[in-house]
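# Observations on the model geometry
Each chain is listed here by its residues.
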Number of protein chains: 2
Amino acid sequence: MLMVPTFDADSRVKLTAAAAPREESRNAFEKEYGGTGYAAIEDLCADPSVEAIYIATPHQMHVDHVLAAARAGKHILVEKPLAISMEDADKMVAAVREAGVHMIVGPSHSFDPPVDLAAQLIESGEFGQLRMIQALNYTDFLYRPRRPEELRTEEGGGVLFSQAIHQIDVVRRLAGGMAKNIYAMTGAWDPKRPTEGAFTALMNFETGCIANLTYSGYAHFDSDIWMNDVGELGQRKQPGAYGGARRALMDLDPEEEARLKTTRTFGGGKTVDAKHNEHFGPVIALCDRADLKLTPDGIEVFGDTERSFIEAKFGPAPRRTVIDALVAAVREDEPPVQTGEWGLASLEVCHAILQSADTGQPVELQRQYRTKHREGTQ
Amino acid sequence: MLMVPTFDADSRVKLTAAAAPREESRNAFEKEYGGTGYAAIEDLCADPSVEAIYIATPHQMHVDHVLAAARAGKHILVEKPLAISMEDADKMVAAVREAGVHMIVGPSHSFDPPVDLAAQLIESGEFGQLRMIQALNYTDFLYRPRRPEELRTEEGGGVLFSQAIHQIDVVRRLAGGMAKNIYAMTGAWDPKRPTEGAFTALMNFETGCIANLTYSGYAHFDSDIWMNDVGELGQRKQPGAYGGARRALMDLDPEEEARLKTTRTFGGGKTVDAKHNEHFGPVIALCDRADLKLTPDGIEVFGDTERSFIEAKFGPAPRRTVIDALVAAVREDEPPVQTGEWGLASLEVCHAILQSADTGQPVELQRQYRTKHREGTQ
């Protein structure tokens, strides 16, 4: 819904080929872009006109597609989560390294301009040491149309691998990446959608920063009311839309629901009219001399005696920062912040949340990765 | 600041005597109420005109004053926290039981009408099972004028014993009282005020409900903006007041600061113009069929397909519910929800937060106490 407008609006990107199993999607692509629509990813990877491949397939297919792209020497932009299993993630990181290509794990909300701005402000030291981060998000995630496997945790369903991963990425980005341990509780409260729909977690970072992450996708309270009524994708929320996700699913069986989900792939015609930056719910970063509150338009600074606001520029196209990273990787050989190692570290935190909730004990993290351009600071 | 208007406005209460070390306070009391101002608590306890004593002395003095009142056969309303040490709390509970008097630990924010209403709604089962509670509060607590001991944790200073206790009381009230364990992190980030100014904690309840409690008293972000710009005491916040707490303390030495604090005792002339119920920051209670969001005026219900609002009546005087409990105890021999045992259970959670933050491990709770009028429900 947002990557198409992103590619369309950015002159640095040209869509020359695509692969998709649905013929309607391939035809729509060829008609719109004049490129080639392939049925098999291998054929896409063999196309010499392609420099980089954006992989937006279901989570469990990422590993095969990344391996195919890397072997063909293509740079990669792969949707979060990098993979479901750590083993797959390891394979992908190794394949990319061996091939000497760049892999960017994203887009995720750690690319949002306000997150980037907050990370820079924190890094600058202007507000003293970062002490705590509170991130929370209440959405309708669990009631958006799903394929059956998206409601099975072991196949990457539920809020952990699709939603927690954003919050973890954002928090790790602000705190410099090196989480030490995590303690968490999860909730799977709707027997009709029997995967995790909520979680709450406390993290410790190497720098001493602590973090509180909370998420509910149960489509009740909507925390966008605390984000100036701007939705996750930067769009203005419609006043009468409350309850829409649950209403749309009422009386649908799983097959009809999966069909509804299919209309959200390429050619479905749905795009979003974003006028603000994307966001992933309220985030507050507490530093010694100010709390920084992220909004869709920038950072509210709650200082010792005064409040101020620092704008985070929107546009010209949404997800400009993702294309910035892609162009830097492909044209200037500059690795992104969100490398494969970075994505693997965030994935480790997802698994640790499930493990901690299961055992009731904190989990030590072993595969964390420091944010590249924070080296030498702190 | 609020108990004086509470007593003044409620015809069921008559202030007949008081004890205070400061002569100005005693004189002001006698002048205003025509009763007797005693220098020693023992003399107040011996006054036969007194049926119940409200103890609002510094935390560490509660034990002596409760013991004196109980021995004299007076009913007791004692400010939270009941005590600092569990040993003192045990002594107080035993003394009250032996004397056959009632003790109410309060006021605390668990008396706020929206909390009471939410507890009733949850208990009714109308919205299904309670699954999670998120409570957060960002205030200027650490920068209000303090006596030196209020900045030493071991003497009950910092946000744990004065502020966490409110949040714990509120969350326990909503979840039925019986917490199982807690995991927490704390922050003491200002070397000039070297006690805990923030914490974040996850709790498990016997019912399966999980809870997330976060608090910062560092006077930066102010979460009252998420409570309709109504302050903790129900007063409308002043738009230009940001930063006032830190500004007022600038250039004061500890002695001047303690003097400033003294002006907030009886006779200081400061009362609050409350037009809404009191609150302790945003609280969201997630049930199967709705999220209940507490506001200063009631409960916002975020249901499956519709939003609604249920009013929690304000007034006629603030803290009516505290006097309700006092009158029921004194006149009808009816024990309050917030008994000594209840207050002791909340105090246990405060200590558990410190212990968990110190050890990095979850702490099992041993002294929890079920909310009285929830027996038989669940």
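Residues numbered from 1 in each chain as written. Chains lettered and ligands numbered in written order. Predicted model: local features only at pLDDT ≥ 70, side-chain atom pairs only at ≥ 80, totals over all residues. Heavy atoms only, no water.

Structural alignment of chain A on chain B gives an RMSD of 0.0 Å, achieved by rotating through 180° and translating 0.0 Å along the axis. Both copies of the chain, as the preceding transformation shows, are related through a two-fold rotation axis. With an isologous cut-off of 70% or more, the 100% of interface residues of chain A that recur at the interface of chain B puts this contact in the isologous class. (Least-squares fit on C-alpha atoms with pLDDT ≥ 70 in both. Contact = heavy atoms within 4.5 Å.)

Next up on the list: the sheet that holds strand β5 (residues 103-105) of chain B. Hydrogen bonds between backbone groups are what pair the strands of a sheet, and the pairing can be parallel or antiparallel. Residue and element names in this part refer to chain B. Taken together, three strands build an open sheet; the order of strands is β3-β4-β5 and the sheet is parallel. In the strand order of this sheet, the two ends are held by β3 (52-55) and β5, each with one partner. Taking each pair of neighbouring strands and ignoring which way they run, the sheet shows an average axis angle of 10°. One ladder, built from four bridges, connects β3 with strand β4 (residues 75-78); its direction is parallel. Among the inter-strand pairings, Ile53 is bridged to a residue of β4, identified as Ile76. (Pairing = 2+ DSSP bridges. Helix = DSSP H or I, 4+ residues; strand = E, 2+ residues; numbered from the N terminus. Axes fitted to C-alpha atoms, helices over the stretch in contact; angles between N-to-C directions.)

This brings us to the pairing of strand β13 (residues 307-311) of chain A. Residues in a regular strand point their side chains to alternate faces of the sheet. All names here are of chain A. Of the strand pairs in this sheet, strand β12 (residues 298-303) and β13 are connected by five bridges, and their pairing is antiparallel. Paired with Glu300 across the two strands is Phe309, which belongs to β13. Where β12 folds back on β13, the antiparallel hairpin that results is connected by three residues.

Residues and elements named next belong to chain A. Tallied over the entire structure, the rule returns 52 salt bridges over all chains. Close ionic contact of Glu51 with Arg331 constitutes a salt bridge, the shortest N to O distance being 2.8 Å. Taken together, the residues span a long stretch of sequence, with Glu51 in the loop between α3 (41-45) and β3 (52-55) and Arg331 in helix α10 (residues 320-332) at a distance of 280 residues. The exposure class of Arg331 is exposed, given its relative accessible area of 57%. Of the charged contacts in the structure, one is a salt bridge between Arg146 and Glu150, with a shortest N-O distance of 3.8 Å. Across this residue pair, the class does not change: Arg146 and Glu150 are buried. (Salt bridge = Lys/Arg side-chain N within 4 Å of Asp/Glu carboxyl O. Buried < 20%, exposed > 50% of the residue type's maximum accessible area, 1.4 Å probe, protein only.)

Let us look at the domain arrangement of chain A. Residue and element names in this part refer to chain A. You can read the domains of chain A as domain 1 (3-105) and domain 2 (109-317 + 340-374). Using only C-alpha atoms to locate each centre, domain 1 and domain 2 end up separated by 24 Å. Opposite the 27 residues of domain 1 that make contact, domain 2 presents 24 residues. Interface of domain 1 and domain 2: buried area, both sides summed, is about 2,100 Å²; carbon and sulfur atoms make up 67% of it. Broken down residue by residue, the surface that domain 1 buries against domain 2 is led by Lys80, Ile84 and Met86, which jointly contribute 28%. (Domains from an automatic or database assignment. Buried area = accessible area lost by both parts, 1.4 Å probe.)

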